[in-house]
Amino acid sequence: MTRRQTFAPDAAELERLGEEAIRRLPDPFRVHLRGVVLRVEEFAEEEVLDQLGIEDPFDLTGLYTGRPVGEQSSWASGELPAMIHLYRRPLLDEWAATGVGLEELITHVIVHEVGHHFGFSDADMHAIEDEAE
């Protein structure tokens with residue numbers, strides 16, 4: 001008999017799953033993520049939701065913030081590092097609602113955020129996600 005997880009994973013567990021997802025990305029993408037901070041928060045900040053025009057905080061599971069790869073410079077100082085934000089409560093809500101594995105869901109969100117940062121279409125990101133699995 002398979003044992004099912006009966007508790008919600010904490011931020012540290014989501015961070016571990018996110019780091020594993022990044023490690024599985026193909027090398028040409030992963031090399032551009034060196035120095036990118038993975039951050040797990042309960043929800044996106046209200047200001048972020050407002051900027052994106054999102055009313056329900058459960059509608060945002062992840063976000064990439066920072067300069068696009070082509071705009072990064074060693075001359076830029078005093079800026080926050082690029083970050084991938086994972087939003088724990090919306091991720092757990094989607095996990096419970098869809099039945100998709102949490103590892104698969106987090107991989108999808110990370111690939112999606114990184115892909116948009118690099119300017120990829122949704123179709124391109126699906127191909128990258130398939131390779132990461």
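Given the structure is predicted, the values throughout are model-derived calculations rather than measurements. (Residues numbered from 1 in each chain as written. Predicted model: local features only at pLDDT ≥ 70, side-chain atom pairs only at ≥ 80, totals over all residues. Heavy atoms only, no water.)

Caption draft 1: Structural context of the packing of aromatic side chains. Applying the stated criterion across every chain, the model contains 1 aromatic pair. When the ring of F43 is compared with that of F58, the centres are 5.0 Å apart and the planes differ by 85°; the resulting orientation is edge-to-face. Of this pair, F43 sits in the loop between β1 (37–41) and α3 (46–52) while F58 sits in the loop between α3 and β2 (62–65), and the two are 15 residues apart along the sequence. (Phe/Tyr/Trp six-rings, centres within 6.5 Å; stacked < 30°, edge-to-face > 60°. Helix = DSSP H or I, 4+ residues; strand = E, 2+ residues; numbered from the N terminus.)

Caption draft 2: Molecular detail of a negative patch on the surface. Judged by side-chain charge, E55, D56, D59, D93 and E94 come together as a negatively charged surface patch. Within the secondary structure, D59 sits in the loop between α3 and β2. (Patch = residues over 30% accessible without salt bridge, like charges linked within 9 Å, V, L, I, M, F, W, Y side chains within 5 Å. Areas by Shrake-Rupley, 256 points an atom, 1.4 Å probe, with all protein chains shown as cover. Salt bridge = Lys/Arg side-chain N within 4 Å of Asp/Glu carboxyl O. Lys, Arg positive; Asp, Glu negative; His and termini not counted. Charge placed at Lys NZ, Arg CZ, Asp CG, Glu CD.)

Caption draft 3: Broad picture of the nonpolar core. L14, I84, L86, L91, I106 and I110 are the most contacted members of the largest nonpolar core, which totals 25 residues. Mapped onto this core, the elements with two or more residues apiece are α1 (11–24), β1, β3 (83–87), α4 (88–98), α5 (102–117) and α6 (122–132). With 7 residues, α5 is the largest single contributor of residues to this core. The residues contacting L14, other than those within four sequence positions of it, are P9, V40, L86, R88, L91, L92, L102 and I106. A44, V48, I54 and L63 belong to the second-largest nonpolar core, a separate cluster that totals 7 residues. (Core = buried A, V, L, I, M, F, W, Y, C linked by side-chain atoms within 4.5 Å. Buried < 20%, exposed > 50% of the residue type's maximum accessible area, 1.4 Å probe, protein only. Contact = heavy atoms within 4.5 Å.)

Caption draft 4: Region of interest: the pattern of salt bridges. Enumeration according to the criterion identifies 6 salt bridges in this entry. Among the salt bridges present, the one from E103 reaches R24, with a minimum N-O distance of 3.4 Å. Of the two residues, E103 is situated in helix α5 and R24 in helix α1; the sequence distance between them amounts to 79 residues. By relative accessible area, E103 is classed as partly exposed at 39%. On the basis of relative accessible area, R24 is assigned to the partly exposed category, the value being 28%. Residue D27 pairs with R30 through a salt bridge whose shortest N-O separation is 2.0 Å. Here D27 pairs with R30, and both are found in helix α2 (residues 27–30), just 3 residues apart, close to one helical turn. A relative accessible area of 27% places R30 in the partly exposed class. Through salt bridges with shared partners, one network takes in E13, R16 and E20.

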